[in-house]
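# Working through the structure, step by step
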Amino acid sequence: MYRVMPKGLFTRTFLIIVAPIVILQSVLVFVFMERHYELVTERMSEAVVRQIEAIVYVLEKLSAGRELPEGRRTRLPGTRHVHNAHAARAAARSRPPSRSSTS
């Protein structure tokens, strides 16, 4: 048994102080990151569900013959307001160019 135990001061210090700290930190980081990724995945899934609900809502309103309000953004039921820059650029491209009076 005594042949297995380290004889140097550095190796004893490492085994007694440093190794348990490193092991404890490794376990805590693993637990924290696992929980963090689970929470982020849940939030991202909820965001996708809200976006799908918004699309279904818009399609139902359009198929019912009702016009959606233009010129202002409305908060759809069950969604949080998030500015969608891609949709704004697509809408700007679909508008006809404005004519200026300068010739």
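Reading the values: rules and limits
- Residues numbered from 1 in each chain as written.
- Predicted model: local features only at pLDDT ≥ 70, side-chain atom pairs only at ≥ 80, totals over all residues.
- Heavy atoms only, no water.
- Helix = DSSP H or I, 4+ residues; strand = E, 2+ residues; numbered from the N terminus.
- Buried < 20%, exposed > 50% of the residue type's maximum accessible area, 1.4 Å probe, protein only.
- Areas by Shrake-Rupley, 256 points an atom, 1.4 Å probe, with all protein chains shown as cover.
- Contact = heavy atoms within 4.5 Å.
- Patch = residues over 30% accessible without salt bridge, like charges linked within 9 Å, V, L, I, M, F, W, Y side chains within 5 Å.
- Salt bridge = Lys/Arg side-chain N within 4 Å of Asp/Glu carboxyl O.
- Lys, Arg positive; Asp, Glu negative; His and termini not counted.
- Charge placed at Lys NZ, Arg CZ, Asp CG, Glu CD.
- Expected span 1.5 Å × (residues − 1).
- Bend = angle between axes of the 7 residues up to and from the residue.
- Polar contact = N/O pair within 3.5 Å; in protein donor to acceptor, adjacent residues only side chain to side chain.

## Section: the overall build of the protein chain
When helices and strands are counted, the protein chain shows two helices and zero strands. The buried share among the 103 residues of the protein chain stands at 5%. Element-wise, carbon and sulfur atoms account for 63% of the exposed surface of the protein chain, whose accessible area totals about 10100 Å².

## A short note on the environment of Pro-20
Structurally, Pro-20 can be placed in helix α1 (residues 9–63). Setting aside chain neighbours within four positions, we find Pro-20 in contact with Phe-14 and Leu-15.

## Description of a negative patch on the surface
On the surface, a cluster of negative charge is contributed by Glu-34, Glu-38, Glu-42 and Glu-46. Inspection of the secondary structure assignment puts Glu-38 in helix α1.

## Some details on α1
When the terminal C-alpha atoms of α1 are compared, their 80 Å separation across 55 residues agrees well with the 81 Å that a helix rising 1.5 Å per residue should span. Bending of α1 peaks at approximately 40 degrees at the position of Leu-15. Within the span of α1, buried status applies to Ala-19, Arg-50 and Ala-54. Two residues or fewer after α1 comes Gly-65, characterised by a positive phi angle close to 90 degrees.

## Overview of the environment of Ser-63
With respect to the element layout, Ser-63 can be found in helix α1. Look at Ser-63 and you get exposed, because its relative accessible area is 64%. Within the local environment of Ser-63, its side chain forms a polar contact with the backbone oxygen of Glu-60, the two atoms lying 3.0 Å apart.

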